[in-house]
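Here are the chains, one letter per residue:
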Amino acid sequence: MTTDLAPAPASVEAPVRQPRIFSGIQPSGVVHLGNDLGAVRNYVRLQYEYEAIYCIVDYHALTSTHDGDLLRARTREMAASLLALGLDPERCTLFVQSHRPEHTELAWLLATVTPVSWLERTPTYKEKKELQPDDVNHALLTYPVLQAADIVIYKASLVPVGKDQAAHLELSREIVRAFNNRYGDTFPEPQAVYTEAPTVLGTDGVRKMSKSVGNTIDVLADEDVIRRQVMSMVTDTKRILRTDPGRPEVCNVCQLQRAFGDDFEDLWEGERTARTGCVDMKKLLAGRIVARYAEARERYRDLMAHPARVDEILAAGAERNRPIVESTMAEVREKMGLR
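Our subject in this report is the structure included herewith. These figures come from a predicted structure and were not determined experimentally.

Some thoughts on the overall build of the protein
Across its full length, the protein holds 14 helices and five strands. Once the C-alpha set of the protein is aligned to its principal axes, its extents read approximately 85 × 75 × 35 Å. By the burial criterion, 46% of the 339 residues in the protein qualify as buried. Within the protein, contacts between residues separated by at least 24 positions form 76% of all contacts whose residues are at least 6 apart in sequence. On the protein, roughly 17,600 Å² of surface is accessible, and the fraction owed to carbon and sulfur atoms is 52%.

Here it is in structure tokens:
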């Protein structure tokens, strides 16, 4: 008698693990156009390509925000904004920095391998000293150490940054090298994922769009607010008359048309030949912004009307990170002789 053997099961390849990325964003409140074009759109895209961990960095915010109620409100507004603009808690992890206090423990431990001279030379420290000379707190100096801890506690190999932030990431890499040299190979050196993150000028056409400067376009605000902000934008200051040819290369309104349609070159030609005027361009841009963010505005309003839903998503994100940070901290403590 012969026995027929069942065919061997087809080999099942283990799913390829996506590289892990980490990025933090300040809880500055409701997202404005500069936030979306400069960071959030990339966050949304990258969540489909990587194991993405996004953190609202409220510990960092404490270096300049000293009102507890304001910080809590801004943190929830930022979370609701990110979710409204497309972050999917099923595809990425969104959480609040202080909900995983292991970040600050690791920052202290990394500080023991970080020379003070490295921190004093950072451009952000010098800038903050000028911006808030009456509040140069110790956390401003050690800010980059906490940034490094934020990244490496997840052993994230990739960090999405604009090229203007490369120096900040390099300091994190230096801190990692210092720790690994002293205690053995522990953390990967995070690599940059350079993103085409434009510097978005504000309504004044001069400075980067920022709430602190008051030159934002608040894309999740009511339509009339958006239209009023766009209509207040400074355009080509040398175009005095409607019949004067425009210079779209220096007009902020024309430049922003790039983000809202493929016809920007045709629009620019209309400006160069004076077929269209600055008011025309503003009205068109305002309408496109209102339309582009219509669904996001509705989602934002719904989330803010149900704050418990936002808090639940953030809590779930922090809990999802628990096994990662506990494993990292157990390894670090053992290597440093703390356990």
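Now, onward.
What to know about the packing of helix α4 (residues 102–111) against helix α14 (residues 307–336)
Remark: α4 packs on α14, axes separated minimally by 11 Å, with the N-to-C direction vectors making an angle of 25°. When the interaxial angle is binned, α4 and α14 end up roughly parallel. Our pair here, α4 against α14, has a crossing hand that is left-handed. Counted together, Glu102, Glu105, Leu106 and Leu109 of α4 and Val325, Glu326, Met329, Val332, Arg333 and Met336 of α14 form the full contact between these two elements. A class-by-class count of the residues in the contact of α4 with α14 yields six nonpolar, no polar and four charged.

As for helix α8 (residues 166–183)
The end-to-end C-alpha distance of α8 is 26 Å, a good match for the 26 Å that 18 residues give at a rise of 1.5 Å each. Residues of α8 that are buried: Leu169, Leu171, Ser172, Arg173, Glu174, Ile175, Val176, Ala178, Phe179 and Asn180. Downstream of α8 by a residue or two, Gly184 has a phi angle that is positive, lying close to 100°.

Overview of the side chain of Asn252
If you trace the backbone, Asn252 turns up in helix α10 (residues 252–256). Excluding anything up to four places from it in sequence, Asn252 contacts Leu201, Gly202, Gly205, Met233 and Val234.

Quick notes on the pairing of strand β5 (residues 191–194)
Across four bridges, strand β4 (residues 158–161) lies against β5 in parallel orientation. Residue pairing for β5: Pro160 is matched across the bridge by Val193. Crossover connection from β4 via α8 to parallel β5: handedness right-handed.

Description of the state of the cysteines
Considering all chains together, one arrives at zero disulfides under this definition. Free cysteine: Cys55, not disulfide-bonded; nearest cysteine sulfur from Cys92 at 12 Å. Between Cys254, a cysteine without a disulfide, and Cys251, which holds the nearest cysteine sulfur, the sulfur-to-sulfur distance is 3.7 Å.

Considerations on the nonpolar core
Nonpolar side chains in soluble globular proteins generally cluster together in the buried interior. In this structure, Leu33, Tyr54, Ile217 and Ile289 are the most contacted members of the largest nonpolar core, which totals 53 residues. One finds Ala107, Ile153, Val176 and Val332 within the second-largest nonpolar core, a separate group that totals 39 residues.

A short note on the environment of Thr104
Among the structural elements, Thr104 can be located in helix α4. Each C-alpha atom of the pair Thr104 and Leu140 lies 14 Å from the other, and the pair is 36 residues apart in sequence. Those residues in contact with Thr104 that sit more than four places away from it in its chain are Tyr59 and Leu146. Reaching out from Thr104, the side chain makes a polar contact with the backbone oxygen of Pro101 at a distance of 2.7 Å.

Some points on α4
Within the span of α4, buried status applies to Glu102, His103, Leu106, Ala107, Leu109 and Leu110. The buried residues of α4 occupy an angular sector of 165° when projected down its axis, which confines them to one face. Residues of α4 that are buried sit in contact with β3 (92–96), α7 (138–152), α8 and α14.

Things to note about unusual backbone geometry
Comment: phi is negative for the bulk of residues other than glycine, and the bulk of peptide bonds are trans. Of note in the backbone geometry, Lys155 takes a positive phi value of approximately 50° without being a glycine. Residue placement: Lys155 occurs in the loop between α7 and β4. A positive phi is found at Ala274, a non-glycine position, where the angle reads about 65°. Examined against the element boundaries, Ala274 turns out to sit in the loop between α11 (264–272) and α12 (278–292). Residue classification places Ala274 among the buried positions, given a relative accessible area of 17%.

What about the pairing of strand β1 (residues 20–25)?
The buried fraction of β1 amounts to five of the six residues, a majority that puts the element mostly inside the structure. After leaving β1, the chain enters helix α1 (residues 33–46) and then returns to the sheet as strand β2 (residues 51–56), a path that is right-handed.

Re the environment of Leu94
Note on placement: Leu94 falls in strand β3. Classification of Leu94 as buried rests on a relative accessible area of 3%. Residues Leu94 and Arg228, spaced 134 residues apart in sequence, show a C-alpha to C-alpha distance of 32 Å. Leu94 has contacts with Tyr54, Ile56, Ala79, Leu82, Leu83, Leu87, Ile313, Leu314 and Gly317, leaving out every residue within four places of it along the chain.

Cut-off values and rules
Residues numbered from 1 in each chain as written. Predicted model: local features only at pLDDT ≥ 70, side-chain atom pairs only at ≥ 80, totals over all residues. Heavy atoms only, no water. Helix = DSSP H or I, 4+ residues; strand = E, 2+ residues; numbered from the N terminus. Buried < 20%, exposed > 50% of the residue type's maximum accessible area, 1.4 Å probe, protein only. Contact = heavy atoms within 4.5 Å. Areas by Shrake-Rupley, 256 points an atom, 1.4 Å probe, with all protein chains shown as cover. Axes fitted to C-alpha atoms, helices over the stretch in contact; angles between N-to-C directions. Parallel < 35°, antiparallel > 145°, perpendicular 65-115°, else oblique. Left-handed = near helix turned anticlockwise from the far one by under 90°. Nonpolar A, V, L, I, M, F, W, Y, C, P; charged D, E, K, R; others polar. Expected span 1.5 Å × (residues − 1). Pairing = 2+ DSSP bridges. Right-handed = clockwise from strand over helix to strand, strands pointing away. Disulfide = S-S within 2.5 Å. Core = buried A, V, L, I, M, F, W, Y, C linked by side-chain atoms within 4.5 Å. Polar contact = N/O pair within 3.5 Å; in protein donor to acceptor, adjacent residues only side chain to side chain. Arc of directions from axis to C-beta.

As far as function goes, none of this settles anything; it's purely spatial.
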